[in-house]
Amino acid sequence: MKIARRQRNTALITLTPLVDVMLILLVFFMVTSTYLDLDMMPMVERGENPDQIAPNSGTDGATTLLIQVNANGEARLRGQTLTPAALSEALRANPDARVLILPSGFADVQSLVSVIEAATAAGVTNLRVVRLEAAE
Amino acid sequence: MKLKRRKRTVPQETIVSLIDVIFFLLVFFMMVGRMDATAPFDVAPPISLAGTDMPQGGTTISVAEDGRLALDGVELAEADLLDGIRSQLVNDPDLFVRINAHGRARLQKLLPLVSKLERVGVPDVVLVVTPNPE
């Protein structure tokens, strides 16, 4: 008598649960994500010595310009109130200058960022934000 | 003569291409998105075109328009926030700190905070800006 060999059943792997899980993950990421286009401006950089911020510490003879930002967010350079475009134009004549920004504590972050942006557009690379602090 | 009715064959739909597309989209969203704790208050960062690309990682301090502070999505008082930063610095001395401040927040809150972070020993502090107003 010939015994028939049983056919081996190949296990069928169903992909449906995988698709379900991936679809859930996809929907989760699409729903919970908020896509913002964010950039950055350095405030403290590695290796920076805060003592170097003193205005009279420059030894390279470069011109130092002081930009004041008042409580209304207006920038003043050499006693003149300037718009960001005018400020950029004024700084463009001297891009190697050391620029110090002294903002009022009542000015908002946007006004400081606008001044930094104007200075950067003028090609200024030596830029620092200073603030007055009560002596301890 | 009796005609034999042909058996209607159900076309087999393959879901492999669907899986491919879903997987592709899933990987796309995972790659382009950066998981970040959202601030417990509304923060609209200042607008600037002078910003540079922000690296991944680090910790986020949020500053609300009225001066409230949050560290990685948890609202904290300034002293607690600095304690949190100190404890993170123990594990990671190269800690990268992002300050996500509202564009209308006062500098009298932001600038002293930056000085305190510097004194605590944070080597890298950046201010978050956006090139596109919402």
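Note that this is a predicted model, so its numbers are computed, not measured. (Residues numbered from 1 in each chain as written. Chains lettered and ligands numbered in written order. Predicted model: local features only at pLDDT ≥ 70, side-chain atom pairs only at ≥ 80, totals over all residues. Heavy atoms only, no water.)

J.: Which parts of the structure should I look at to understand the overall build of chain A?
T.: A count of helical and extended segments in chain A gives 3 helices and 6 strands. Across chain A, helices and strands are ordered from the amino to the carboxyl terminus as α-β-β-β-β-α-β-α-β. Per-residue burial over chain A gives 29% buried out of 136 residues. Accessible area of chain A: about 9,400 Å², with a carbon and sulfur share of 56%. (Helix = DSSP H or I, 4+ residues; strand = E, 2+ residues; numbered from the N terminus. Buried < 20%, exposed > 50% of the residue type's maximum accessible area, 1.4 Å probe, protein only. Areas by Shrake-Rupley, 256 points an atom, 1.4 Å probe, with all protein chains shown as cover.)

J.: Please clarify how the overall build of chain B should be interpreted in this entry.
T.: For chain B, the helix and strand inventory stands at 3 helices and 6 strands. What you see in chain B, going N to C, is helices and strands ordered as α-β-β-β-β-α-β-α-β. The globule rule puts the C-alpha radius of gyration for 134 residues at 14 Å, and the 25 Å found for chain B is more than 25% above it. The buried share of chain B, reckoned over its 134 residues, is 40%. For chain B, restricting intrachain contacts to residue pairs at least 6 apart in sequence, the fraction spanning at least 24 positions comes to 72%. Only carbon and sulfur atoms are counted for the fraction: they give 56% of the accessible area of chain B, which is about 8,400 Å². Both charge centroids of chain B, one from 15 positive and one from 17 negative side chains, sit 21 Å from each other. (Rg over C-alpha atoms; globule rule 2.2 N^0.38 Å. Contact = heavy atoms within 4.5 Å. Lys, Arg positive; Asp, Glu negative; His and termini not counted. Charge placed at Lys NZ, Arg CZ, Asp CG, Glu CD.)

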